[in-house]
Amino acid sequence: MILLNVDSQTWIITIVGWLIVFAALVVLILVFTLVPKVLKFKYKRNPKSKGEEVEFDANDNKYISGDETAAIAMALHLYFDEQHDEESNVI
């Protein structure tokens, strides 16, 4: 059996290290459990929208139709596709 030469400073460093790790784990658990609750509280839905129909106004500027969304997406795709060099594909 090999006897290790362990003094009191080694035990103190070991215990402090374990305490730091467990404290960090407790802090992470608190962060991961509290952040969704804070976000849910901040972005609570409007109570009048529950159970009631929301009227859609086509002339309202807040809503974009599916055709407009598709046109914007296609324009962005074509724009970003042109930015790449075609010469890099040639050997």
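1. Points about the overall build of the protein chain
Okay, step 1: Scanning the protein chain from terminus to terminus reveals two helices and zero strands.
Okay, step 2: For the protein chain, the proportion of its 91 residues judged to be buried stands at 0%.
Okay, step 3: Summed over its atoms, the accessible surface of the protein chain is roughly 9700 Å², and 65% of this surface lies on carbon and sulfur atoms.

2. A look at the packing of aromatic side chains
Okay, step 1: Counted under the stated rule, the structure contains two aromatic pairs.
Okay, step 2: Aromatic pair Trp-18 and Phe-22: ring centres 5.7 Å apart, planes at 25 degrees, arrangement stacked. Here Trp-18 pairs with Phe-22, and both are found in helix α1 (residues 8-42), just four residues apart, close to one helical turn.
Okay, step 3: Trp-18 sits in the exposed class, given a relative accessible area of 54%.
Okay, step 4: Look at Phe-22 and you get partly exposed, because its relative accessible area is 45%.

3. Side note on a nonpolar patch on the surface
Okay, step 1: Taken together, Trp-18, Val-21, Phe-22, Leu-25, Val-27, Leu-28, Val-31, Phe-32, Val-35 and Leu-39 make up a surface patch of nonpolar side chains, about 980 Å² in accessible area.
Okay, step 2: Its place among the elements puts Phe-32 in helix α1.

Rules used in this analysis
Residues numbered from 1 in each chain as written. Predicted model: local features only at pLDDT ≥ 70, side-chain atom pairs only at ≥ 80, totals over all residues. Heavy atoms only, no water. Helix = DSSP H or I, 4+ residues; strand = E, 2+ residues; numbered from the N terminus. Buried < 20%, exposed > 50% of the residue type's maximum accessible area, 1.4 Å probe, protein only. Areas by Shrake-Rupley, 256 points an atom, 1.4 Å probe, with all protein chains shown as cover. Phe/Tyr/Trp six-rings, centres within 6.5 Å; stacked < 30°, edge-to-face > 60°. Patch = residues over 30% accessible without salt bridge, like charges linked within 9 Å, V, L, I, M, F, W, Y side chains within 5 Å. Salt bridge = Lys/Arg side-chain N within 4 Å of Asp/Glu carboxyl O.

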